[in-house]
Amino acid sequence: MNDIDPESKPSGSRQTTPVPTRRDLVFGMAGSGGDGIVSAGESLLQAAAAEGYHGVMTKSFGSQIRGGESSCRVRISTAPILNPGGSLDVAVALNWDDFLKFGAELPVSGNTVVIYEAATNIPENQIPLVGVTPLQVIAVPIAAMAKATAGTERAKNTVVLGLIAGWFGIGAVAVMKGIRKKLAKKGEELVEANQRAFDAGRTFAMEHPLTTSMAVVASTTKGNVKLITDGNEMCAAAAIFAGCQFFGGYPITPSTEIMQFLTDHIWKYGGSVLQAEDEIAGIGAAVGASFAGKKSMTATSGPGFSLKCEMMGLASIAELPLVIVDVQRGGPSTGLPTKTEQSDLFAAVFSAHGDVIRPVLAPTSVADTFRTTIEAFNIAEFYQTPVIILSDQEIASRKETLDPIDVSQFEIIDRLVPTGTELRDYKRFKATENHISPISHPGLLGGTYLASGIEHVESGAPTNSGSVHQRMNDKRTKKFNPLKKRKDLFEVTGNEDAPIAIVAWGSVAGVCREALAMAKAEGINVKLLVPYLLYPVAEGAYHDFFASVQKGLIIEQSHLAQFHKLLRMHIDLPRGVKPLARSGANPFLPGEIVVALHQLLSELQRSHEGNLQPQE
Amino acid sequence: MSPNSVIEYQPKDYKSSLKPIWCPGCGDYTVVQAIYRALAAIGRPPHEIAFVSGIGCSSRIPGYTTAYGFNSVHGRALPIAQGIKMANPDLLVLAAGGDGDGFSIGGGHIAHMIRRNMDIAYIVMDNQIYGLTKGQLSPTSQKGRITATSHYGSLEEPVNPLLYVLAYGAGFVAQAAPTDLPGMAAVIEEAIRYPGFAFVNIQSPCVTYGEEAQQVKGLKAISQNLVDIGHNPADRLAAMDLAQHYGSKLYLGVFYRNPEPPRTYTDLVKDRQELLSKDALPKERILDLFIKK
């Protein structure tokens, strides 16, 4: 590597730098497919991580394969980040048509600095944002600067990175260090061209200081090891860690990266991947591998999940461990393939026919996708059941900076294999106290049995008997009772006695965590419940949580408020608990949840007024 | 059965205590007998065998053996069998089912099974009818056939299972019928021994819903042994030529056996695992892959 001295200062650094004031900034950038907006976001995130900041990056695209519109949000903070943030602090529009296509995903407020391409020929006081006066609007001749310094408009994204370094103090050194590494193989000339484009951006920023400084204060953790990855890769890595030896799947957005990661790495651990001819064959092969004794997994998204349901029923009745990842996107059918939603909850909980329980788990961030995936394998193996991980597009595709995870804290559970004594008179589906029967696998002498989708007696032999069916349904459902008592699959934050509550799962939980902190800072006595186990519904956990609650919100990205309905099926919710639910691709913002909580607070206060005795 | 080999297993060692649900006289009884004989000749202990099927009368067959059985869902025996083979390539993996299971609901899997060339033998009990659901059209029912779902006669041409698998490049293709039990046992044995995907189509008459011409007597009348007509099983084009007569002529024996079997999918997987395991991070350090320096 011919790295240059990382501390060498790029030209233009002699100008005065703005006084750092901010600890948290949300950038939103949009352009057309070839503008390199996402690649700029990645450079910014990596540079921020190198400088010791925490960061989260989400991407959003039109559904075109190439070209079309693309955008990213990058949130950078000196403290750990819970979600991609609310309104933008900094909006970058390489052209307005593309920017506006992202609507609520890139919300501009009165506190936003808007930077846009001057070549759009739109005056600063006429930008097409309705109903808002941004903090400051700056037209920058981005394309012209790229052309003048790098000889090509393709360096526009590098100019943008220079502007960001100049105005906000992030990545002055680290961005170019990253670009240098990335382009090292492509020759010094290209690196230098990018350096000039970057410097031009920085110089422009320093020559045109913002009316209010928005530079970020330096991180105190510079130099600490940081990991950067997304939820899909985290899920795949966790699967390997948990001992997954087989993956069968079929490409589908936005889950494909799980299969891609495993095809790069699983062989090294003696495992294998089958890219199957269809979704059914993918899960079918995974069911086969599990029958053969190996931990196995499949991953998909909405439409593929629908196709896999029959096999899930088979794995349930044959009591075979299996992990199924459903990375949710907007549905039904093809729906919004590249946008996030939480509308597969019913599909997961009620997948396949028959009276059956299949545990459903949901991660809430890239970081806890690691733990959730390991938990899914452990539950699958222990209870001999398919387990569904309900991830969503946002978690799956967003990149997070992470502190290293101490993996020694995670226990790995393997399925219960019959002992020598048990193999002497082996019954695969033997009735036991905890309803879990030791499971053999081909190759094990004495353990032969018939696995089947048909109802079976304890030996595995087929039966049509109603009484056996009743008994076996009992076995297959009661075995999950201990799972419902696991307190560690529920996270409660806030004051235990709070009369106001919010409940959220998946990526929306991250928004609610931040909203909770904001609401508490504003004096609202509120608490938050985040379930990692969605199904079976752990009645006890909810009863305990709702005991003090008079007003509350179940917050979710589902038009039908599926989670609210699922809870109502199992629990008598306090009358003041209502859904706050809407379709995907319309992210919740922490601020709007705080507003909703203020509303609950005043309703609560009004209802108490009514209880006061009339005074003479 | 070579007289020199030590025979450790008898056909009865592969017979389970389950009583078949098949109708008296069903062709599938002969098939399961032939499978017992073939397995005994090969001599793998039952616990090292995984026998997978889908749904249908014939898909009950794994339960009638002492192997590890998997009577799965309709049409999906092959994907499940492939997962088993990949998870444990040392197992002897057999798949079986009916013509509906293999060439209708599961028909899409066969092409991919063949191009992957996993060492799995697939036995289809072809009776040209859906028996378990009481006599509807199957993918191999002949045009004009009257069934419960075609009271005015079938409007469709049947699938030709032999041409189907030959066209996709299966390395071993054979046909058998209950008219010749030793011959059936021999081709099943040969299919299992073939190192790669092997397909055996068995004309197995349905005594309840089958037509007169498809019963044993009728089959005998149109059957001919491929050895007797001097067919060279290394000649794939000649095999395809003969296979065209499916439905009118019943050729028994090996249509095609690739004289130079390519390495199987699981062999290639093993190579890859060995090659790549050299640069594996310990599992405990898997997250190091995400460190950005």
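This is a predicted model, so every value here is computed, not measured.

1. A few points about the overall build of chain B
- In terms of helices and strands, chain B carries nine helices and eight strands.
- Computed over C-alpha atoms, the radius of gyration of chain B comes to 20 Å, within 12% of the 19 Å expected from 2.2 N^0.38 for 293 residues, which places it in the range of a compact globule.
- Principal axes of the C-alpha set define a box for chain B whose edges measure 75 × 50 × 45 Å.
- Scored against the burial criterion, the 293 residues of chain B give a buried share of 54%.
- Sequence-distant contacts, at least 24 apart, represent 70% of the contacts inside chain B between residues at least 6 apart.

2. Side note on the overall build of chain A
- When you go through chain A residue by residue, the secondary structure sums to 20 helices and 21 strands.
- For 616 residues, the compact-globule estimate of 2.2 N^0.38 gives 25 Å, and chain A sits close to it at 27 Å.
- Principal axes of the C-alpha set define a box for chain A whose edges measure 85 × 85 × 40 Å.
- Looking at chain A as a whole, 55% of its 616 residues qualify as buried.
- For chain A, long-range pairs separated by at least 24 residues make up 76% of all intrachain contacts whose partners lie at least 6 apart in sequence.

3. What to know about the packing of helix 1 (residues 28–42) of chain B against helix 6 (residues 181–193) of chain B
All names here are of chain B.
- At a minimum axis distance of 8 Å, the contact between helix 1 and helix 6 shows a crossing angle of 50 degrees. Between helix 1 and helix 6, the interaxial angle falls into the category oblique. Once helix 1 is placed against helix 6, the crossing between them reads as right-handed. Contacts from T30, Q33, A34, I35, R37, A38, A41 and I42 of helix 1 reach helix 6 at L181, M184, A185, I188, E189, I192 and R193.

4. Examining helix 4 (residues 107–116) of chain B
- Every buried residue of helix 4 of chain B is listed here: H109, I110, M113, I114 and R116 of chain B. Down the axis of helix 4 of chain B, the buried set is contained in an arc of 160 degrees. They therefore lie on one face.
- Contacts made by the buried residues of helix 4 of chain B are with helix 9 (279–291) of chain A together with helix 2 (77–87), helix 3 (99–105), helix 5 (161–168) and helix 9 (265–277) of chain B.
- N117 of chain B lies just past helix 4 of chain B and shows a positive phi near 50 degrees.

5. Focus: the domain arrangement of chain A
All names here are of chain A.
- Segmentation of chain A into domains returns domain 1 (24–207), domain 2 (230–409), domain 3 (416–484) and domain 4 (489–609).
- Centre-to-centre separation of domain 2 and domain 4, based on C-alpha positions: 27 Å.
- At the junction of the two partners, domain 2 supplies 22 residues and domain 4 supplies 22 residues.
- Looking at the side of domain 2 that touches domain 4, the elements with two or more residues in it are helix 11 (345–349), strand 12 (360–361), strand 13 (386–392) and helix 13 (393–397).
- Its residues assigned to classes, the side of domain 2 that touches domain 4 shows eleven nonpolar, seven polar and four charged.

6. Things to note about the interface of chain B and chain A
- In this assembly, 44 residues from chain B lie in contact with 54 residues from chain A.
- Breaking the side of chain B that touches chain A down by element, the ones donating at least two residues are strand 2 (68–71), helix 2, helix 4 and helix 9 of chain B.
- Tallying contributions element by element places helix 2 of chain B first for the side of chain B that touches chain A, with eight residues.
- Relative to strand 2 of chain B, strand 15 (residues 450–452) of chain A is paired through three bridges, and the arrangement is parallel. Counterpart to L450 of chain A in the pairing with strand 2 of chain B is G69 of chain B.

7. Examining the sheet that holds strand 21 (residues 577–581) of chain A
All names here are of chain A.
- The sheet built from five strands is open, its strands ordered 16-18-17-20-21 with mixed pairing. Looking at strand neighbours, the two that pair on one side only are strand 16 (490–494) and strand 21, the edges of this open sheet. Here the strands of the sheet are splayed against their neighbours by 20 degrees on average, with no regard to which way each runs.
- Sheet topology places strand 17 (residues 500–504) next to strand 18 (residues 526–531); four bridges connect them, and they run parallel. Looking across to strand 18, one finds that V503 is bridged to L529.
- Where helix 17 (residues 507–521) meets the sheet, it contacts strand 16, strand 17, strand 18 and strand 20 (551–556), and its direction lies at approximately 165 degrees from that of strand 18.

8. Let's talk about the pairing of strand 17 of chain A
All names here are of chain A.
- Of all five residues that make up strand 17, five are buried, and the element is covered over most of its length.
- Taken together, strand 17, helix 17 and strand 18 constitute a β-α-β crossover, and its handedness is right-handed.
- The pairing of strand 17 with strand 20 spans five bridges and is parallel. Bridge pairing in strand 20 links I500 to K551.

9. Examining the sheet that holds strand 4 (residues 88–93) of chain A
Residue and element names in this part refer to chain A.
- Strand order in the open sheet formed by eight strands is 6-5-4-1-3-2-14-7, with mixed pairing between adjacent strands. The open sheet is flanked by strand 6 (136–140) and strand 7 (227–230), the only strands paired with a single partner. Strand-to-strand twist in this sheet, taken as the mean axis angle between neighbours without regard to direction, amounts to 15 degrees.
- Where strand 5 (residues 108–117) meets strand 6, five bridges bridge the pair, whose relative direction is parallel. Following the sheet pairing, Y116 is matched in strand 6 by A139.

10. As for the packing of helix 1 (residues 37–50) of chain A against helix 5 (residues 174–183) of chain A
Residues and elements named next belong to chain A.
- The N-to-C vectors of helix 1 and helix 5 enclose an angle of 120 degrees; their axes lie 8 Å apart at closest approach. By the angle between their axes, helix 1 is oblique relative to helix 5. Between helix 1 and helix 5 the crossing geometry is right-handed. When helix 1 is examined against helix 5, the residues S43, L44, Q46, A47 and A50 are found in contact with a partner set consisting of A174, V175, G178 and I179.
- Of the residues belonging to the contact of helix 1 with helix 5, the class tally is six nonpolar, three polar and no charged.

11. As for helix 3 (residues 142–150) of chain A
Residue and element names in this part refer to chain A.
- Buried residues of helix 3: I142, A143, M145, A146, T149 and A150, and no others. Down the axis of helix 3, the sector holding all buried residues measures 160 degrees, keeping them to one side.
- Residues of helix 3 that are buried sit in contact with strand 5, strand 6, helix 4 (156–168) and helix 6 (188–207).
- Immediately beyond the C-terminal end of helix 3, within one or two residues, lies G151, with a positive phi of roughly 80 degrees.

Conventions we followed
- Residues numbered from 1 in each chain as written.
- Chains lettered and ligands numbered in written order.
- Predicted model: local features only at pLDDT ≥ 70, side-chain atom pairs only at ≥ 80, totals over all residues.
- Helix = DSSP H or I, 4+ residues; strand = E, 2+ residues; numbered from the N terminus.
- Rg over C-alpha atoms; globule rule 2.2 N^0.38 Å.
- Buried ≥ 20, exposed ≤ 12 C-beta atoms within 10 Å, placed from the backbone.
- Contact = placed C-beta atoms within 7 Å.
- Axes fitted to C-alpha atoms, helices over the stretch in contact; angles between N-to-C directions.
- Parallel < 35°, antiparallel > 145°, perpendicular 65-115°, else oblique.
- Left-handed = near helix turned anticlockwise from the far one by under 90°.
- Arc of directions from axis to C-beta.
- Domains from an automatic or database assignment.
- Nonpolar A, V, L, I, M, F, W, Y, C, P; charged D, E, K, R; others polar.
- Pairing = 2+ DSSP bridges.
- Right-handed = clockwise from strand over helix to strand, strands pointing away.

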